[in-house]
Amino acid sequence: MTVVVFDNSGTLIERYRAIKDLRTGVICDDVNSIDLVDMVPNRALVVLQTDPAQCLANAISDQTVYHFLQKNKVKFDISYSSGDVKKEQVWETIRKDGYAQIKDVQDTISTVVNKKYNVQICSGSGLILNVDKQKIEFTITAGGKIFPEVPEVINELKNRGSQIFVASGDRKTSLEQLADFIDIPSENTYGTADAWKKRDIVKKLRKKHRVMMVGNSANDILALREADIGVLTLQQGEIVPSKVYEAADVIVHNIKEILEIEF
């Protein structure tokens, strides 16, 4: 049996994001969060495991991020990092940063809402922090809508006898919503999977199956290399680092093109 493992944001869904630079207060929606992390050693993209539209949006604005997470027992996970960053280092950084407030996260939520993006899947909100400086440097909220070709692609792959999995740096809850949209078992989704976890998922599946990995950015590199066939999709339309191209066996510009790959 063959298995296809998809990344989510930028691969299955057209991604929208808002990122706030806490040094300048500027909010932009055209910056790649993975690229931001890669610019500086020991930066980490941290996903908050809570619903932005409910828990975060309604929280007291002027409390620090640390106070909010501690008081509400909100869990977090590292989605991507530019070094060997541990969760205890992340928590210590959040604890020592007395500047970043929940308002900074709420500003990114409001930006996504005010731009009236057609968000079907809310990937969630998070932080980009620097464990060397022990500073939260950016806040982020992301979501998106499923690329129109995705349902057809998933159905055809299933008709051919392939199992479908999703391994993504997004919140587990958002991937469960995605599973409902594309009609796959929720247990076939792996949330907040960093580059190493994605690689390990592919490696485990390869013990019994032939595996295709489909991704679109640097956090997919290890999984692309590990898979029997690594596919880079450029449908998001963003600039992709050369190291991602080098990790892929096949490059497509539309997710539907993977149906043409001999597998």
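Scoring rules and cut-offs
- Residues numbered from 1 in each chain as written.
- Predicted model: local features only at pLDDT ≥ 70, side-chain atom pairs only at ≥ 80, totals over all residues.
- Heavy atoms only, no water.
- Patch = residues over 30% accessible without salt bridge, like charges linked within 9 Å, V, L, I, M, F, W, Y side chains within 5 Å.
- Areas by Shrake-Rupley, 256 points an atom, 1.4 Å probe, with all protein chains shown as cover.
- Salt bridge = Lys/Arg side-chain N within 4 Å of Asp/Glu carboxyl O.
- Lys, Arg positive; Asp, Glu negative; His and termini not counted.
- Charge placed at Lys NZ, Arg CZ, Asp CG, Glu CD.
- Helix = DSSP H or I, 4+ residues; strand = E, 2+ residues; numbered from the N terminus.
- Buried < 20%, exposed > 50% of the residue type's maximum accessible area, 1.4 Å probe, protein only.
- Arc of directions from axis to C-beta.
- Core = buried A, V, L, I, M, F, W, Y, C linked by side-chain atoms within 4.5 Å.
- Contact = heavy atoms within 4.5 Å.
- Phe/Tyr/Trp six-rings, centres within 6.5 Å; stacked < 30°, edge-to-face > 60°.

1. Overview of a positive patch on the surface
Here's step 1: Taken together, the side chains of K203, K204, K207 and K208 make up a positively charged region of the molecular surface.
Here's step 2: The residue K203 is located in helix α8 (residues 195-206) in this model.

2. A short note on the environment of I136
Here's step 1: Examined against the element boundaries, I136 turns out to sit in strand β7 (residues 135-146).
Here's step 2: Take I136: its relative accessible area is 4%, and that puts it in the buried class.

3. Here we look at helix α3 (residues 65-72)
Here's step 1: Considered for burial, the residues of α3 that qualify are V65, Y66, F68 and L69. In a view along the axis of α3, the buried residues occupy a sector of 165°, so they form one face of it.
Here's step 2: Two residues or fewer after α3 comes K73, characterised by a positive phi angle close to 50°.

4. Thoughts on the nonpolar core
Here's step 1: Counting residues in each nonpolar core, the largest one holds 29 residues, and the members touching the most others are V5, L45, L205, M213 and V244.
Here's step 2: Only β1 (2-6), α1 (33-38), β7, β8 (163-167), α8, β10 (210-215), α9 (221-226) and α10 (242-247) provide two or more residues apiece to this core.
Here's step 3: Once you skip the residues sitting within four places of it in the chain, M213 turns out to touch V5, F6, D7, V202, D220, A223, L224, A227, I229, G230 and V231.
Here's step 4: L178, V231, I255 and L259 belong to the second-largest nonpolar core, a separate cluster that totals 27 residues.

5. A word on the pattern of salt bridges
Here's step 1: This structure, assessed with the given rule, holds 21 salt bridges.
Here's step 2: With its nearest N and O atoms 3.1 Å apart, the salt bridge here joins E238 to R17. One end of the pair, E238, is in the loop between β11 (229-233) and α10; the other, R17, is in strand β2 (residues 13-21), and 221 residues separate them in sequence.
Here's step 3: With a relative accessible area of 25%, E238 lands in the partly exposed category.
Here's step 4: Residue class for R17 comes out buried when judged on its relative accessible area of 4%.

6. Comments concerning the packing of aromatic side chains
Here's step 1: Using the criterion set out here, one finds 3 aromatic pairs in the structure.
Here's step 2: Pairing Y66 with W91 gives two aromatic rings, centres 5.1 Å apart and planes at 45°, and the pair type is tilted. A residue pair is termed long-range when its members are at least 10 positions apart, and Y66 in helix α3 and W91 in helix α4 (residues 87-96) qualify at 25 residues.
Here's step 3: For Y66, a relative accessible area of 19% translates into the label buried.
Here's step 4: Under the relative-accessibility criterion, W91 is labelled partly exposed at 28%.
Here's step 5: Taken together, the aromatic side chains of Y66, F76 and W91 make up a single cluster linked through ring pairs.

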